[in-house]
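This is what each chain is made of:
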Amino acid sequence: MSETTSNSAAALRCVVVTPEETVLETEADFVALPLYDGELGVAKHHSPMIGRLGYGELRITNGTNTTRHYVDGGFVQVADNVISVLTNRAIDADTIDADAAQKQLEETLSRQAAGDDQLAIRDRRVSQSRAQLRISRRPK
Amino acid sequence: MANPRELDRRRKSIRNMRRITRTMELIATARFKKAMDRASAATAYTDRITKLVADLTKSGLAVSHPLLEPRDETKTAKLLVLTANRGFCAGYNGSMIRHGLKRWDELNSEIPECSAEVSGKKGIGGFKFRNVELAEAFTQFEDKPAYDAVETIANRYLDAYATGELDRLDIVYTKFESISRQTVTVETLLPLGSLSDSTEEEKSSGSDTIYEFVPSPESILEEVVPTSFKVKLFKCFLDAAVSEQIARMVAMKGATENAGELIRDLSMQYNRARQGRITSELMDLIGGVEALK
């Protein structure tokens, strides 16, 4: 895309979809994505990319207000100033059930896991619930 | 000679039935609209996944994944049949059971070890009646199948496939094409075969953007393939739910119309019988008067 068209083009758009519904479709100045191996910030005119998401916080900054969501793995595709977030679940940070996450964390940690498969499941559940807890505890 | 009182009683009971079927039709219509909204909301996700896969294949990556490759030897197979929990939807459950059993027989003749799973009370009953042992039965899917619930089932299949306990998965469901068209579909979901149904179409229309892959195309592919299986399965459940509501809507509409017709016929019979009785009473009277003269 040439500079002249992209300057006049609309702002960065962020679309969050889950298999059940389109959770969010909004314009944004800056989006922080929880990638598989760390956070990635995306601003306008980011180069096209496809990334694998981990469990963590998705922050969308538009002007002065920031919306925060917990995303549960999935993918992100950035192209032409559109960020598509494909995830299994996207929960608004304010509605995260911290108690349930804590309970799941304790329960998972206390359970014995044997074999690679079960260990992988346990690791996944632990990181899911830890990410939820982290987000719910963070001050707004 | 028909008894007018008897006819009136029948007419009343049909009227009650018509009230019920009409209500059921309205409920099915409302549910259908909701299910339809959900199904179209889900396409936003599937479209994007398809696009992602298309972009991934365009990057020159050889798409290979254990889920995509057919097994050399198919030893175990599973059949999943999606039916409704409730009846009153014309041939919907019947045709699901019929096609399910047909595929079940085919699988049994080809593959040594088969197991069947059925969703929906009607299907469970139908399979039990024909003495087919069910490995698993689900009744939790109503008109709003939740992704989480479908994902649990999908994960179980994926695990079984990965460990070699399962070589093939077939599904029988009603595919929703349009409001006036739903077709019974028998599909093999595992092995997946290809990731997208319309690969050639995508190739010609796609843009030539070069993507950066984080962390690597292989890692993304590793995750995309199971996800697209899950989404495919979820789509089957959504389609089945929409089709069920449509089937019920049509069946109840037919029943309501039929009841109206019956009421009209009975009303005519009733009026005729009443008039006939009045006439014969008059004849009696006249006959009595004549005799007195």
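This structure is a prediction, so every number in the text was calculated from the model and none was measured.

Caption draft 1: Highlighting the overall build of chain A. Scanning chain A for helices and strands turns up three helices and eight strands. Shown N-terminal to C-terminal, the secondary structure of chain A runs as helices and strands in the order α-β-β-β-β-β-β-β-β-α-α. With respect to the principal axes defined by its C-alpha atoms, chain A has extents near 60 × 30 × 25 Å. A buried classification covers 31% of the 140 residues belonging to chain A. Of all intrachain contacts in chain A linking residues separated by at least 6 positions in sequence, the fraction that spans at least 24 positions is 51%.

Caption draft 2: Seen up close, the overall build of chain B. When helices and strands are counted, chain B shows six helices and six strands. What you see in chain B, going N to C, is helices and strands ordered as α-β-α-β-α-β-α-β-β-α-β-α. Taking 293 residues into account, the globule formula puts the C-alpha radius of gyration at 19 Å, and chain B, at 28 Å, lies well above it. Taken along the three principal axes of its C-alpha coordinates, chain B extends 115 × 45 × 30 Å. Out of the 293 residues belonging to chain B, those deemed buried represent 33%. Long-range contacts, defined here as pairs at least 24 residues apart, represent 80% of the contacts in chain B between residues at least 6 apart.

Caption draft 3: Representation of the domain arrangement of chain A within the structure. Residue and element names in this part refer to chain A. When cut into domains, chain A gives domain 1 (3-93) and domain 2 (97-137). Placing a centre on the C-alpha atoms of domain 1 and another on those of domain 2 gives a separation of 25 Å. Contacts between domain 1 and domain 2 engage seven residues on the former and six residues on the latter. Of all the elements in the fold, those that place two or more residues in the side of domain 1 that touches domain 2 are strand 5 (49-62) and strand 6 (65-79). Here the side of domain 1 that touches domain 2 is built from residues that sort into three nonpolar, one polar and three charged.

Caption draft 4: Spatial organisation of the environment of A:G56. All names here are of chain A. Here G56 shows up in strand 5. Overall, the presence of 25 C-beta atoms within 10 Å leaves G56 in the buried class. Excluding anything up to four places from it in sequence, G56 contacts P34, V71 and A131.

Caption draft 5: Molecular detail of unusual backbone geometry. In this structure, the amide linkage connecting B:L190 to the following residue, B:P191, adopts the cis form with an omega of -5°. Topologically, B:P191 is positioned in the loop between strand 5 (181-190) and helix 5 (199-205). Positive phi values are uncommon outside glycine, yet A:N81 reaches one of about 60°.

Caption draft 6: Here's a closer look at helix 3 (residues 121-129) of chain B. All names here are of chain B. If you check which residues of helix 3 are buried, you get K122, G123, I124, G126 and F127. Elements that come into contact with the buried residues of helix 3 comprise strand 1 (76-82), helix 2 (92-110), strand 2 (113-119) and strand 3 (134-138). In the stretch just after helix 3, N131 is the one whose phi turns positive, near 60°.

Caption draft 7: Representation of the interface of chain B and chain A in the model. Listed by partner, the interface residues are 26 residues for chain B and 22 residues for chain A. Elements that contribute at least two residues to the side of chain B that touches chain A include exactly helix 1 (4-58), helix 4 (147-162), strand 6 (212-214) and helix 6 (217-292) of chain B. Of all the elements, helix 1 of chain B adds the most residues to the side of chain B that touches chain A, at 10 residues. For the side of chain B that touches chain A, a count of residues per class yields 17 nonpolar, two polar and seven charged.

Caption draft 8: Inspection of the pairing of strand 2 (residues 22-28) of chain A at higher detail. All names here are of chain A. One ladder, built from six bridges, connects strand 1 (residues 12-17) with strand 2; its direction is antiparallel. Residue pairing for strand 2: C14 is matched across the bridge by T26. Linking strand 1 to strand 2, which pair antiparallel, is a turn of four residues.

Caption draft 9: Quick peek at the packing of helix 2 of chain B against helix 3 of chain B. All names here are of chain B. Direction vectors running N to C along helix 2 and helix 3 enclose 45°, while the axes themselves pass 10 Å from each other. Taken as axis vectors, helix 2 and helix 3 run oblique relative to one another. Between helix 2 and helix 3 the crossing geometry is right-handed. Side by side, helix 2 and helix 3 meet where N93, M96, I97 and G100 of the first sit next to K122, G123 and G126 of the second. For the contact of helix 2 with helix 3, the residue count by class is two nonpolar, four polar and one charged.

Caption draft 10: Region of interest: the environment of B:V81. All names here are of chain B. Within the secondary structure layout, V81 lies in strand 1. V81 gets classed as buried once you count the C-beta atoms within 10 Å, which come to 28. For the pair V81 and G120, spaced 39 residues apart in sequence, the C-alpha separation works out to 8.6 Å.

The rules behind these values
- Residues numbered from 1 in each chain as written.
- Chains lettered and ligands numbered in written order.
- Predicted model: local features only at pLDDT ≥ 70, side-chain atom pairs only at ≥ 80, totals over all residues.
- Helix = DSSP H or I, 4+ residues; strand = E, 2+ residues; numbered from the N terminus.
- Buried ≥ 20, exposed ≤ 12 C-beta atoms within 10 Å, placed from the backbone.
- Contact = placed C-beta atoms within 7 Å.
- Rg over C-alpha atoms; globule rule 2.2 N^0.38 Å.
- Domains from an automatic or database assignment.
- Nonpolar A, V, L, I, M, F, W, Y, C, P; charged D, E, K, R; others polar.
- Pairing = 2+ DSSP bridges.
- Axes fitted to C-alpha atoms, helices over the stretch in contact; angles between N-to-C directions.
- Parallel < 35°, antiparallel > 145°, perpendicular 65-115°, else oblique.
- Left-handed = near helix turned anticlockwise from the far one by under 90°.

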